[in-house]
Amino acid sequence: MPDIIHLLPDNIANQIAAGEVIQRPASAVKELLENAVDAGATEIKLIVNDAGKSLIQVIDNGKGMSDTDARMSFERHATSKIQNIEDLFHIKTMGFRGEALASIAAVAQVELKSKRENETVGTCIEIDNSVVRKQEAVAMQQGTSIAMKNLFFNVPARRNFLKSNPSELRHIVDEFIRVAMSFPDIFFSLTSNGQQVFHLERGTLKQRIVQILGNSYNARLVSVQENTDYMNIYGFVGKPETAKKTRGDQYFFVNNRFIKSAYLNHAVMGAFDEMIGRDSFPMYALFIDLDPAQVDINVHPTKQEIKFEDEKIVYAFVQSAVKHSLAQFSITPTLDFELDSSIQNLDAVTKPFTEERKTSVASSSLYNTFSQKHQAHFIENRSELKHWKDFYEPARPQGGSNEGNQQQSLRAQDFSLPDHTVLHHAPFSVSDIAQLHNTYLVVQNDAGFIVIHQQNAHERVLYERFMKALDGKPIATQQSLFPLTIELAPTDVVVLNELLGDLNYLGYHLEPFGKNTFVIQGTPADVDQGSEKTALEKMLEQYKHFSSDLKYSKREKLLRSLAWQQAIKAGKALTQKEMKSLVEELFMCTSPNITPNGKPTYSAFKKTELDKLFGR
Ligand code: ADP
Ligand code: MG
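Please read these numbers as outputs of a predicted model, since none were measured by experiment.

Rules used in this analysis
- The written sequence of each chain sets the order in which its residues are numbered from 1.
- Written order decides the labels, with chains lettered from A and ligands numbered from 1.
- Local features in a predicted model are, by the rule used here, given only for residues with pLDDT of at least 70; side-chain atom pairs are given and counted only at 80 or more, and totals for whole chains, interfaces and linings are based on all residues.
- Each side-chain value is derived from all of the structure's non-hydrogen atoms; neither hydrogens nor water enter the calculation.
- Patch rule: a residue counts if its relative accessible area is over 30% and it has no salt bridge; like charges are joined within 9 Å, and nonpolar side chains (Val, Leu, Ile, Met, Phe, Trp, Tyr) within 5 Å.
- Residue-level accessible areas treat just the shown protein chains as cover; the underlying method is Shrake-Rupley with a 1.4 Å probe.
- A pairing counts as a salt bridge when a side-chain nitrogen of Lys or Arg comes within 4 Å of a carboxyl oxygen of Asp or Glu.
- Accessibility here uses a 1.4 Å probe with only protein chains present; expressed as a share of the type maximum, an area under 20% marks a residue as buried, one over 50% as exposed, and anything in between as partly exposed.
- Counting from the N terminus, the helices are DSSP H or I runs at least four residues long and the strands are E runs at least two residues long.
- Expected span of a helix, by definition, is 1.5 Å for each gap between consecutive residues, and there is one gap fewer than residues.
- By definition, residues are in contact when any of their heavy atoms lie within 4.5 Å.
- Axes here mean lines fitted to C-alpha atoms, for a helix over just the part in contact, with angles spanning 0 to 180 degrees between N-to-C directions.
- By definition in this entry, angles of less than 35 degrees are roughly parallel, angles greater than 145 are roughly antiparallel, angles of 65 to 115 are roughly perpendicular, and the rest are oblique.
- Definitions for this section: a left-handed crossing has its near helix turned counterclockwise from the far helix by less than a right angle. A right-handed crossing has that turn clockwise.
- At least two DSSP bridges between two strands are needed for those strands to be called paired.
- In this text, near means that some heavy atom of the residue lies within 4 Å of the molecule or strand in question.
- The definition of a polar contact used here is a pair of N or O atoms within 3.5 Å, where within protein one atom must be able to donate a hydrogen and the other to accept one, and adjacent residues in sequence count solely through side-chain atom pairs.
- Ten residue types, Ala, Val, Leu, Ile, Met, Phe, Trp, Tyr, Cys and Pro, are classed as nonpolar, four, Asp, Glu, Lys and Arg, as charged, and the remainder, Gly among them, as polar.

Q: Looking at this model, I keep getting lost on a nonpolar patch on the surface. Mind explaining?
A: A grouping of Leu8, Ile12 and Ile16 is seen on the molecular surface, where their side chains present a nonpolar patch of about 270 Å² in accessible area. When its relative accessible area of 36% is taken as the criterion, Ile12 is described as partly exposed.

Q: Is there a simple way to explain helix H1 (residues 10-21) in this structure?
A: Think of an α-helix as turning once every 3.6 residues; residues three or four places apart then point the same way. If you check H1, its first and last C-alpha atoms are 16 Å apart, about what 12 residues at 1.5 Å a residue would give, namely 16 Å. All of the buried residues along H1 are Ala13, Asn14, Ala17, Ala18, Gly19 and Val21. Among the structural elements, helix H2 (25-38), helix H4 (100-107) and helix H5 (156-161) are those in contact with the buried residues of H1.

Q: Just checking my understanding: could you explain the packing of helix H6 (residues 165-182) against helix H7 (residues 205-213) for this structure?
A: Two quantities define a packed helix pair, namely the angle between the helix axes and the distance between the axes. At a minimum axis distance of 9 Å, the contact between H6 and H7 shows a crossing angle of 160°. Judged by the inter-axis angle, H6 sits roughly antiparallel to H7. The hand of the H6/H7 crossing is right-handed. On H7, the residues that touch Ile177, Ala180 and Met181 of H6 are Leu205, Arg208, Ile209, Ile212 and Leu213.

Q: How should I be thinking about the sheet that holds strand E16 (residues 429-436) in this particular structure?
A: Sheet strands pair by backbone hydrogen bonding; their relative direction is either parallel or antiparallel. Overall, antiparallel pairing links the four strands, which are arranged E16-E17-E18-E22 in an open sheet. Each edge of the open sheet is held by one strand with a lone partner, namely E16 and strand E22 (602-606). Shown here is a sheet whose adjacent strand axes are inclined to one another by a mean of 25°, direction ignored. The pairing of strand E18 (residues 448-453) with E22 spans five bridges and is antiparallel. Looking at the pairing, Gly448 lines up with Lys606 of E22. Across the sheet, helix H18 (residues 454-470) is in contact with E16, strand E17 (440-445) and E18; its angle to E18 comes to roughly 80°. Packing of helix H22 (residues 576-586) onto the sheet brings it into contact with E16, E17, E18 and E22, and relative to E16 it is tilted by some 110°.

Q: Mind showing me how you'd approach the site of ligand 1 here?
A: Every one of the 18 residues lining ligand 1 counts as a neighbour, but Asn35, Thr79, Ser80, Lys81 and Gly98 are closest to it. Residue Arg97 places a main-chain N or O atom 2.9 Å away from an oxygen atom belonging to ligand 1. With the chains in place, 92% of the 530 Å² that ligand 1 exposes on its own is no longer accessible. A breakdown of the residues in the shell around ligand 1 according to their chemical character gives six nonpolar, eight polar and four charged.

Q: Would you mind showing me how to read the pattern of salt bridges here?
A: Side chains that differ in sign of charge can pair as their charged atoms come close. Under the defined criterion, the tally for this structure stands at 22 salt bridges. With a closest N to O distance of 2.9 Å, Arg465 and Glu585 form a salt bridge. Taken together, the positions of Arg465 in helix H18 and Glu585 in helix H22 put the pair 120 residues apart, joining distant regions of the chain. The shortest N-O distance in the salt bridge between Arg560 and Glu556 comes to 2.6 Å. You can see Arg560 and its partner Glu556 sitting in helix H21 (residues 554-566), four residues apart, about one turn around the helix. Residue classification places Arg560 among the buried positions, given a relative accessible area of 9%. One salt-bridge network, in which partners are shared between bridges, spans Lys244, Asp249 and Glu541.

Q: Any chance you could explain the sheet that holds strand E19 (residues 477-487) here in plain terms?
A: The antiparallel open sheet is built from three strands, whose spatial order is E19-E21-E20. A single partner strand is all that each edge strand has here, and the edge strands are E19 and strand E20 (509-512). On average, each strand axis in the sheet is inclined to that of its neighbour by 20°, with strand direction left out of account. Note: E19 against strand E21 (residues 517-524), seven bridges, orientation antiparallel. Bridging across to E21, Gln479 finds its partner in Gly522. Running at roughly 140° to E20, helix H19 (residues 490-505) makes contact with E20 and E21 of the sheet.

Take it as geometry only, folks, not as evidence of what the structure does.
Here it is in structure tokens:
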């Protein structure tokens, strides 16, 4: 029998290794950007075509490579960044494994040009399938340009595995942002299919954050800065009012490396506790610097987890730093403070919040404003806070704990009918609908009554209306008399561009206007004039919220977002006419009983059950 074990040829070994490092265009983007940062560049340009599938190019003005280094850089385990294992514990560069270029050269056609400062000419190398095709001298500026074409041209299985262009582009934008955010003193640009998506001038961290996430954050960032012998933290958190439905704008960097950490995220969320709704997410971009010996970055290159020597200290530190900043911002009046001066001088605003005060303040209409603006008192004293919460949200019957009492036995499910159609058959009286708590509509027929949740019901109505619109019955548009422009963060531009066609059917006529701007030419007839912009922003927000959910198509996400956004909210007083048409439209729906997300729209109560309650 012959021996059967043999060494794999380099190109195959590299291809296999590449599978770990380069999973999609965005992973190559990350590696190339990090190399440019490590090379000390002050200007880094990223160019992609077809979401990186046909071209990814990074051009930097960093220190460049010699002829030999340029060739060596494509060898596996070839790096200039560490010499021995000790170096791993005080690593200052983004890369150190020496795997990225070797991997890239194994799965794409690569052209590298590089020139060092004192060299008269640079060198140009062409390489594919891990084989150098040619190397020659080239005239160029100092720095390096790497262009990788036709990613996975030789690994069709991987190529087929890639997602749609918009989706791959979004991954690229994410990676770009993570690098650009941690190096505000480097100029970055991103050009996609010839269109410049980002142009980030050098500046402060705050300027960089605003450039990336959009102007709306400009006056709404609270600075965080705390230095100790063990670690430093700096960065910004968004004021509570900027909290969004999406987790999107949350960034942690440890020693300038973007990381994902549910644990540290929890620490920040804890600092915001009670200031924001339970299902909203504050913006943050926080940088933690600590001795590299205290962290283990020797994890998988594409994973963003990190191990701290002492996790608990980091947690406590992050939480208290953020709390501290939030407390400071709410005590110190700022320019965008909204209460007028007569109100600001009231005791309720200036004095600490005591047990006594609670009662007196609660009865005034100021109470709500107060509870949102002056959170500082609450931050300092958690136990008081708990109390305050109970007070603010009047006790609700606790499900299950006191089964059997009168109030409990009125729960909807005891009465609700197995099938919504039963009540359907007898006509509802829509001539005199009662609205309770500006939220619930009560409609009766001979068999009983139903209680409709107005927001849930409207969401269903809109959802089905929009679905029909996309099936070819476009929604009526009202043309804007004075077309507004809407300026978006570059990431949102990418998203909105994907949606323009469908939005047109749904009554939104938008036209791209310059780089990050769209002109609103028309909106659906039932969107109030003046709130078009907010409507669009909220819709995008919700759309991104759904984006992490892979099971929905783009259209489905759009439908759900719009329906959610445009639905009448709970708490809004409705006229008889509005209630009547809502109820009628609801029961013309294909699935009137649930929202698109599966929440009930109404509960039905039989008259006979009511009778029973009263011994009849
Ligand atoms: P690593 O970054 O882990 O060292 P890479 O495969 O990414 O491994 O790069 C290999 C080497 O090539 C680097 O150590 C660096 O010396 C050199 N190199 C890569 N990109 C650049 C660049 N843009 N400018 C200068 N040198 C570079
Ligand atoms: Mg590298």
